[in-house]
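Spelled out from the first residue to the last, the chains are:
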Amino acid sequence: MDWLWRALAIAGSMTWEILWALILGFTLSAIVQAVVRREAITQALGDDSPRALVTATGFGMASSSCSYASVALARSLFRKGASFPAAMAFEIASTNLVVELGIILALLMGWQFTLAEFVGGPIMIVLLAVLFRVFLRRRLVDDALRQAERGVAGSMEGHAAMDMSVTGSGSFWRRLTSAKGLTSVSHIFVMEWAAIWRDIVAGLLITGALAAWVPMDFWKSFFLTDHPLWARIWGPLVGPIVAVVSFVCSIGNVPLAAVLWNGGISFGGVVAFIFADLIILPILNIYRRYYGWKMAAFIAGTFYATMVLAGYAVELLFTLLGLVPGHRDASVVEAHISWNHTTWLNIAFLALAAVLLVRFFTSGGLPMLKMMDGSPGDTQQAHHNDHNDHNDREDHNDHGDHGHDGPAHAAPEDRRGRGKP
């Protein structure tokens, strides 16, 4: 059983190394989402102008990092009037330009990869906008909208429908530190963990297995490390394909990216691999349900092309600037728990997570948690039944200075709107 123990040991050590960073990232993401309102931003996404795409990107950066939730929310935005390019820009930003992803990349692979992700993401969005402007036809968008209006279930529909932001006329700090602010942050924090924990666990287990069982010579041969020029060409082409068949998305694919980097994939290949969380096989099937076969194929083709091109662009730019790391030493090692800075950070952030968990369960969060993968209507009903009393108490405590919009106040799903491709 040594082979199994070694794989589990690597997965466990990586979990311990990144635990505090995950908690920090999700806490910061929850804070941002707690003060960002969806409805007002949606109104600015009605076309594919640069301003609309920038707004969609900013909204995505402040939204859920769960790939399934971002795909579901993008359909909701499309149905409510957002253009299709803006909805897709939102998807890319929400899974590739979020703070928690950057923290984990820096911790496991180095700051250069974090910078590459935040440089490559906007490049991919610009490239996608160009491809959509050239190849996306009105008829295809109309067919996709008709399919979207059918409301075929995908995944994390309930989570995507939740808008738990805190509103009011007070300052950012006052709203955030109010009773409703703490409740909102705790709810978003727990929902985000519940949405992607499977991907994180799967990514760590797959990483442990590959690091323990696959010889390094295989990776070097597969990524053409003996031919530097061909390796740079091959990496971005094959990186997304590896992601597609690995079934791991969102933050869960970062540990696997570390294994691939140590194995010899090019710098641009790592970037393209991480971008590909939105075209893994389960999500391609959701696109089929949401928009039909033709649009699903169009999304897959254009996303893959822009991932590859963004990988090449980042590789070239970072090579010219001398920012490509010279050593392949990503943190995929077996480590022993000791009283070092990682242990102290884990203890501190586990305490923070415990506070948020207590707040979540004592403020009526459990019924909402059960509705995360249900329909938006189910989520709204759960909020209406289980949160009115709690919110009334908080309204009294806050003297009416703040508002907390949960799913019951989210824009209804039956509002219509057509995008402008």
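Parameters at a glance
Residues numbered from 1 in each chain as written. Predicted model: local features only at pLDDT ≥ 70, side-chain atom pairs only at ≥ 80, totals over all residues. Heavy atoms only, no water. Phe/Tyr/Trp six-rings, centres within 6.5 Å; stacked < 30°, edge-to-face > 60°. Helix = DSSP H or I, 4+ residues; strand = E, 2+ residues; numbered from the N terminus. Buried < 20%, exposed > 50% of the residue type's maximum accessible area, 1.4 Å probe, protein only. Lys NZ or Arg CZ within 6 Å of the ring centre and 35° of its normal. Axes fitted to C-alpha atoms, helices over the stretch in contact; angles between N-to-C directions. Parallel < 35°, antiparallel > 145°, perpendicular 65-115°, else oblique. Left-handed = near helix turned anticlockwise from the far one by under 90°. Contact = heavy atoms within 4.5 Å. Nonpolar A, V, L, I, M, F, W, Y, C, P; charged D, E, K, R; others polar. Salt bridge = Lys/Arg side-chain N within 4 Å of Asp/Glu carboxyl O.

> How do you make sense of the packing of aromatic side chains when you look at a structure like this?
For any pair of aromatic rings, geometry is given as the distance between the ring centres together with the angle between the planes. Under the counting rule described, the total for this entry stands at 20 aromatic pairs. Seen in terms of ring centroids, Phe84 and Tyr291 are 5.3 Å apart; in terms of plane orientation they differ by 85 degrees. Their pairing is edge-to-face. Placement of Phe84 in helix α5 (residues 84–96) and of Tyr291 in helix α16 (residues 281–291) is noted, with a sequence separation of 207 residues between them. Among the residues examined, Phe84 registers a relative accessible area of 0% and is labelled buried. The buried category is assigned to Tyr291, whose relative accessible area is 3%. Grouped by ring-pair contacts, the aromatic residues Phe78, Phe84, Phe132, Tyr290, Tyr291 and Phe298 constitute a single cluster. The ring of Trp261 is capped by Arg328, whose NZ or CZ atom sits 4.0 Å from the centre of that ring.

> Please explain the packing of α16 against helix α17 (residues 293–320) as it appears in this structure.
Any two packed helices are characterised by the angle at which their axes cross and by the distance between the axes. The geometry of α16 relative to α17 is characterised by a closest axis approach of 7 Å and an angle of 135 degrees between their N-to-C directions. Our classification of the angle between α16 and α17 gives oblique. In the crossing of α16 with α17, the sense of the turn from one axis to the other is right-handed. In contact with Leu284, Tyr287, Arg288 and Tyr291 of α16, α17 contributes Trp293, Met295, Ala296, Ile299, Ala300 and Phe303. Residues that form the contact of α16 with α17 fall into these classes: nine nonpolar, no polar and one charged.

> What am I meant to see in the pattern of salt bridges here?
Side-chain pairs of opposite charge can arise whenever the charged atoms involved come near each other. Evaluation of the coordinates by the stated rule reveals four salt bridges. With a shortest N-O distance of 3.1 Å, Asp48 and Arg133 are connected by a salt bridge. Residue Asp48 is located in the loop between α2 (38–42) and α3 (50–61), and its partner Arg133 is located in helix α7 (residues 111–135); the two are separated by 85 residues in the primary sequence. A relative accessible area of 14% means that Asp48 is categorised as buried. Arg133 sits in the exposed class, given a relative accessible area of 52%. The salt bridge involving Arg232 is made with Glu315; its shortest N-O contact spans 3.6 Å. Placement of the pair is Arg232 in helix α13 (residues 228–246) and Glu315 in helix α17, with a sequence separation of 83 residues. Taking the relative accessible area as the measure of exposure, Glu315 reaches 7% and is therefore buried.

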